[in-house]
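# Breakdown of the fold
Take a look at the letters that make up each chain.
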Amino acid sequence: MNEILDEIRDAYALWGIELIVATYGTYYRLRCGRCGSLLGCVGDRLLPAMAKAMLNTQFDLYAAGLMGCKFGYQAERARAMDPVRAEAAITNLS
Ligand SMILES: [Zn+2]
């Protein structure tokens with residue numbers, strides 16, 4: 001199994017996002033694990049530890065609902081992971 005792919009899958013799993021195989025082999029669609037909305041895509045040309053770091057930089061956007069599904073599942077995950085940071089992001093970005 002592709003290690004970097006496992007790492008990307010695990011990083012997105014924290015956000016309740018699943019990877020599904022897209023048409024092109026090195027790209028994967030991102031799908032909300034709760035409502036099934038398509039949320040974009042990601043390539044597997046990342047370096048070790050990059051997936052988690054990348055999602056960490058997007059924390060505020062997910063927390064404030066600017067990224068993620070319209071039903072707020074990823075915002076909910078952000079609040080579960082770090083309530084203080086999530087609250088600050090909502091205040092700063094809303
Ligand atoms: Zn959703």
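The structure we're discussing is the one just above.
What you are looking at is a predicted structure, and each value in this text was computed from that prediction instead of being measured.

### A few points about helix H4 (residues 73–81)
- Three or more residues of H4 are buried, namely Tyr73, Gln74, Ala75, Arg77 and Ala78.
- Of the surrounding secondary structure, the elements contacted by the buried residues of H4 are strand S1 (17–21), strand S2 (27–32), helix H3 (59–63) and helix H5 (83–93).

### Quick look at the sheet that holds S1
- Read from one edge of the open sheet, three strands run S1-S2-S3, paired in antiparallel fashion. Because the sheet does not close on itself, it has two edges, and the strands there are S1 and strand S3 (38–43). On average, each strand axis in the sheet is tilted by 35° relative to the strand beside it, whichever way the strands run.
- Sheet analysis places S1 next to S2, joined by five bridges and oriented antiparallel. When the bridges of S2 are listed, Ile17 appears paired with Cys32.
- On top of the sheet, helix H1 (residues 3–13) reaches S1, S2 and S3; it is set at about 145° to S1, its chief contact.

Rules and cut-offs
- Residues numbered from 1 in each chain as written.
- Predicted model: local features only at pLDDT ≥ 70, side-chain atom pairs only at ≥ 80, totals over all residues.
- Buried ≥ 20, exposed ≤ 12 C-beta atoms within 10 Å, placed from the backbone.
- Helix = DSSP H or I, 4+ residues; strand = E, 2+ residues; numbered from the N terminus.
- Contact = placed C-beta atoms within 7 Å.
- Pairing = 2+ DSSP bridges.
- Axes fitted to C-alpha atoms, helices over the stretch in contact; angles between N-to-C directions.

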